[in-house]
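# Results of the structural survey
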Amino acid sequence: MNGAELAAALRPELEPRRQAMIDVLGQLVSIESPSDDLPSLERCASTLETLFRPFGSIERIAPEGGQGPHLRLTVDARNGHQERAVALCHYDTVWSLGTLQRIPFAVDAEGVARGPGCFDMKGGITVLYFALGALRERGLAPARQLQVLFTSDEEIGSPTSRAVIEETSRGAAVAYVLESPLPGGTLKTARKGTGDYLVRITGRAAHAGVEPQKGISATEELARQTLALHALNDYAVGTTVNVGVVHGGSRPNVVAAEAEAHVDVRVETLAEAERIDRAIRGLQAQLPGAQLAIDGGLNRPPMERSAAMAALFERARAIAAAMGVELHEGSTGGGSDGNFTAAIGVPTLDGLGAEGEGAHAAHEHVLTDRLPRRAALMAGLLVDDF
Ligand SMILES: [Zn+2]
C-alpha cells in the first residue's frame, strides 16, 4: 500500500477517534514544560517515553548545563530499507510554569483546544503518536528506519540539541518537522535564517551641564548605529534587521558612558546571511573615541526551498489529495529545527503538526477536528517509498 492509499483508508478510521487524540493532547499540555525548568522537562520526557516506547527503542540524551533530556526513538523499517528518515519534535514550550492555571487545557463546543503549548507543538507530537499508532495497528512499518527526536530547548534556540539534531539527520533521506503549520494546515518549505547580535558601545561619562564636551555619548553613538543597522533592511530579498531592545546611560544629567542594542536578523539565503554578518561586524564607531564591541551571529541558517524539498511537498500534496484534502505550501520568517536539517542538505518538510493558530500568543489553539487528517497524512508520508 502506498502513502496515498493508506491515508485515504485511515482518515475515515481516525475521524471517530478524535476524542482519543484530544485526550493525548490534553495529557501532554497538562504537563507544563518551559525550556528553563528542569523538573518539568523531566516529567514531560518521562511521559513521552511511556507513550512512545511501544513503537521502538528510546534513548535518553542528557545534555549538560541543566537542560532537560532529549529523547531519540528509533522505529524499524520494513524490509531493511537502507535509507533513514528523521522526525523532529520539541517538547519545550515558551510558557512559564503556572500558565496552566490561567489557561487550563480545554476544548470548546466548536472543538477548539486551548492550553499552553497545544499548537507549538504538543499537537504535532499528538499527530505523530497517532500516525505511528495507526501503522502499528495495521501491522505496517515505515518505509525507512525512522528516528524521532524529542528535544527540550527549541524555544531558546536549540543550544544543546542542535548537535544531536545534526548528528541524527546527517545522511537521512528526509526530515519531517512536526512544528505547527501556517493557517489552513499549509506546510512550510522555506524558513528564514535567524541571527541575534549584541552591539555594545562604550563612550565616556561627563557632567551633562558642566563639561559635556569632555564626554563621549554612548547613546548618541547608539542612535547612529541603530540607523546604520536599519539601513541594512532589504524587504525585496526578505532581509530584515531590527534593533528591538536598547539600553543605555545612567542618569539624564550624565553623558552616557555605555549603551547596547539587541538586534534580530532574518534572511532567506545564506548569501544574505553572510552579507549582513559582514556588515554588522564591520560597523565603525561614528563619534571620535567611541568603541563598539559586537557579539552574536547567525543562530539558524535559512531553510532554502530546494528541488528535493519541492518534490517532497508534492508527495505530501498527493497523499492529502487522496483523502480529499487540499494541501498548500508556504514560507515563514520564523525559524525551527528544520533550518538545521535543511542546511546540511536533508530534504525537509516542516509544519506537519496540528492545525490551529497563535504560537507563542495568548490565543494559541488547535482545531481538533483536523487532527485525524493530519495523523493520516503523517502515516501516509512514513509508509511512502518515494
Ligand atoms: Zn515550535
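Residues numbered from 1 in each chain as written. Predicted model: local features only at pLDDT ≥ 70, side-chain atom pairs only at ≥ 80, totals over all residues.

Within strand 6 (residues 145-151), six of the seven residues are buried, which leaves it mostly tucked inside the rest of the structure. Summarising the sheet, strand 2 (residues 70-75) and strand 6 pair through five bridges and their orientation is antiparallel. Counted as the bridge partner of Thr74 is Gln147 from strand 6. (Buried ≥ 20, exposed ≤ 12 C-beta atoms within 10 Å, placed from the backbone. Helix = DSSP H or I, 4+ residues; strand = E, 2+ residues; numbered from the N terminus. Pairing = 2+ DSSP bridges.)

With that settled, consider the nonpolar core. Judged by nonpolar contacts, the single largest core of 77 residues is most densely connected at Cys89, Leu128, Ala131, Leu178 and Ala379. For this core, the element with the highest residue contribution is helix 5 (residues 118-137), accounting for twelve residues. Aside from chain neighbours lying at most four places away, what touches Leu178 is Ala87, Leu88, Cys89, Met121, Gly124, Ile125, Val127, Leu128, Leu352 and Gly353. Among the nonpolar cores identified, the runner-up in size contains 19 residues, and Ile216, Val241, Ala261 and Ala290 belong to it. (Core = buried A, V, L, I, M, F, W, Y, C linked by C-beta atoms within 7 Å. Contact = placed C-beta atoms within 7 Å.)

Taken in spatial order, the six strands line up as 1-2-6-3-7-16 in an open sheet, and their pairing is mixed. Looking at which strands have only one partner, the edges of the open sheet turn out to be strand 1 (57-61) and strand 16 (348-349). Here two bridges tie strand 7 (residues 174-177) to strand 16, and the two strands are oriented parallel to one another. Bridge pairing links Tyr176 to Leu349 in strand 16.

Once that is clear, we can look at the domain arrangement of the protein. Examined at the domain level, the protein breaks down into domain 1 (3-192 + 303-383) and domain 2 (193-300). Placing a centre on the C-alpha atoms of domain 1 and another on those of domain 2 gives a separation of 38 Å. (Domains from an automatic or database assignment.)

Let us now look at the sheet that holds strand 14 (residues 291-300). Within the open sheet, the four strands sit side by side as 11-13-9-14. Their pairing is antiparallel. Of all the strands in the sheet, just strand 11 (240-248) and strand 14 have a single pairing partner and so form its edges. Here the strands of the sheet are splayed against their neighbours by 15° on average, with no regard to which way each runs. Contacts from helix 8 (residues 270-281) reach strand 9 (193-202), strand 11, strand 13 (258-267) and strand 14, with the element oriented near 165° to strand 14. (Axes fitted to C-alpha atoms, helices over the stretch in contact; angles between N-to-C directions.)

For the rest of this paragraph, the subject is the packing of helix 5 against helix 11 (residues 371-383). Where helix 5 meets helix 11, the closest approach of the two axes is 8 Å, and the angle between their N-to-C directions is 60°. Here helix 11 runs oblique to helix 5, going by the angle between their axes. Pair helix 5 / helix 11 crosses with right-handed handedness. Within the contact between the two elements, helix 5 uses Thr126, Val127, Leu128, Phe130, Ala131, Ala134 and Leu135 and helix 11 uses Leu371, Arg374, Ala375, Met378, Ala379, Leu382 and Val383. (Parallel < 35°, antiparallel > 145°, perpendicular 65-115°, else oblique. Left-handed = near helix turned anticlockwise from the far one by under 90°.)

For the rest of this paragraph, the subject is unusual backbone geometry. Of note, the amide linkage connecting Asp120 to Met121 takes the cis form, showing an omega dihedral of -10°. Residue placement: Met121 occurs in helix 5. Unlike most non-glycine residues, His360 shows phi in positive territory, near 65°. The class of His360 is partly exposed, set by 13 C-beta atoms lying within 10 Å.

When you line up the elements, Ala290 lands in the loop between helix 8 and strand 14. As a C-alpha pair, Ala290 and Met121 span 169 residues in sequence and 45 Å in three-dimensional space. Ignoring any residue separated from it by four or fewer positions in sequence, one finds Ala290 in contact with Ile201, Gly203, Ile216, Ala218, Glu221 and Ala285.

To continue, consider the environment of Asp108. Within the secondary structure, Asp108 sits in the loop between strand 4 (106-107) and strand 5 (112-114). Between the alpha carbons of Asp108 and Val210 there is a distance of 65 Å; along the sequence they are 102 residues apart.

End to end, helix 11 covers 19 Å across 13 residues, agreeing with the expected 18 Å (1.5 Å per residue, within 8%). Most of helix 11 is tucked away: 13 of the 13 residues are buried. (Expected span 1.5 Å × (residues − 1).)

For helix 1 (residues 3-14), spanning twelve residues, the distance from its first C-alpha to its last is 16 Å, which sits close to the expected 16 Å at 1.5 Å a residue. Every buried residue of helix 1 is accounted for by Gly3, Leu6, Ala7, Leu10, Arg11 and Leu14. An end-on view of helix 1 places all buried positions within 130° of arc, on one side of the element. Looking at the buried residues of helix 1, the elements they touch are helix 5, helix 9 (307-322) and helix 11. (Arc of directions from axis to C-beta.)

Moving on: the pairing of strand 9. Across ten bridges, strand 9 lies against strand 13 in antiparallel orientation. Looking at strand 13, one finds that Asp196 is bridged to Asp264. Both strand 9 and strand 14 contribute to a ladder of nine bridges, which runs antiparallel. Considered in strand 14, the bridge of Tyr197 is made with Gly296.

Another point: the environment of Glu357. Relative to the assigned elements, Glu357 resides in strand 17 (residues 356-357). A sequence separation of 176 residues divides Glu357 from Pro181, and the C-alpha atoms of the two residues are 8.4 Å apart. For Glu357, the contacting residues outside a window of four places in its chain are Phe119, Pro183, His363 and His365.

In this section: the packing of helix 1 against helix 11. At a minimum axis distance of 8 Å, the contact between helix 1 and helix 11 shows a crossing angle of 155°. Considering the angle they form, helix 1 stands roughly antiparallel to helix 11. For the pair helix 1 and helix 11, the sense of crossing is right-handed. Only Pro372, Arg373, Ala375, Ala376, Leu377, Ala379, Gly380, Leu381 and Val383 of helix 11 make contact with helix 1, whose side of the interface consists of Gly3, Ala4, Leu6, Ala7, Leu10, Arg11 and Leu14. A class-by-class count of the residues in the contact of helix 1 with helix 11 yields twelve nonpolar, two polar and two charged. (Nonpolar A, V, L, I, M, F, W, Y, C, P; charged D, E, K, R; others polar.)

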